[in-house]
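Summary of the model geometry
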Amino acid sequence: MKVEIIETKDHQFSNETWYHIEVDGKLLSGTFSTYEFKTKKLYFEIISDPSLLKPVRNILHSAEFIVSLEDTKTQ
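Residues numbered from 1 in each chain as written. Predicted model: local features only at pLDDT ≥ 70, side-chain atom pairs only at ≥ 80, totals over all residues. Heavy atoms only, no water.

1. As for the overall build of the chain
For the chain, the helix and strand inventory stands at 2 helices and 3 strands. Reading the helices (α) and strands (β) of the chain from amino to carboxyl end gives β-β-β-α-α. Against the 2.2 N^0.38 benchmark of 11 Å for 75 residues, the chain shows a C-alpha radius of gyration of 22 Å, more extended than a compact globule. Partitioning the contacts of the chain with sequence separation of at least 6, the portion at a separation of at least 24 is 17%. Per element, the accessible surface of the chain, about 7,000 Å² overall, is 54% carbon and sulfur. Here the chain carries 9 positive and 12 negative side-chain charges, and the mean point of each set is 3 Å from the other. (Helix = DSSP H or I, 4+ residues; strand = E, 2+ residues; numbered from the N terminus. Rg over C-alpha atoms; globule rule 2.2 N^0.38 Å. Contact = heavy atoms within 4.5 Å. Areas by Shrake-Rupley, 256 points an atom, 1.4 Å probe, with all protein chains shown as cover. Lys, Arg positive; Asp, Glu negative; His and termini not counted. Charge placed at Lys NZ, Arg CZ, Asp CG, Glu CD.)

As structure tokens, this is what we get:
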């Protein structure tokens, strides 16, 4: 796994410098920031615990039901 902090300077629209994190060459969603410190903090958290990159999927609600075919026919 390759984790990188990328610095981007786009002088075409503004003089701001942006930072983000890429993992194996792909943008890590939610990491764009103009604050270098914030991005570095997240970078070191990922380096120290790569399990943070595992997606979390929590089922908040679930229901199963049966619908008869007669109920679905158009009248």
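2. Points about the pattern of salt bridges
All told, the structure shown has 3 salt bridges when counted by the stated rule. One salt bridge in this structure joins Lys40 and Glu36, with 3.2 Å as the shortest N-O distance. Here Lys40 and its partner Glu36 are both found in helix H1 (residues 36-48), 4 residues apart, which amounts to about one turn of the helix. Its salt-bridge partner being Lys41, residue Glu45 comes within 3.0 Å of it at the nearest N-O pair. (Salt bridge = Lys/Arg side-chain N within 4 Å of Asp/Glu carboxyl O.)

3. Here's the deal with the sheet that holds strand S1 (residues 3-9)
With antiparallel pairing, the 3 strands of this open sheet are ordered in space as S1-S2-S3. Every interior strand has two partners, whereas the edge strands, S1 and strand S3 (26-27), have only one. (Pairing = 2+ DSSP bridges.)

4. What about unusual backbone geometry?
Positive phi is not limited to glycine here, since Asp24 has a value of about 50 degrees. As for its position among the elements, Asp24 is in the loop between strand S2 (17-23) and S3.

5. Focus: the nonpolar core
Ranked by size, the top nonpolar core spans 5 residues in total: Val3, Ile21, Val23, Tyr43 and Ile46. Those elements giving two or more residues to this core turn out to be S2 and H1. Residues contacting Tyr43, with those up to four places away along its chain left out, are Val3, Glu4, Ile5 and Ile21. (Core = buried A, V, L, I, M, F, W, Y, C linked by side-chain atoms within 4.5 Å. Buried < 20%, exposed > 50% of the residue type's maximum accessible area, 1.4 Å probe, protein only.)

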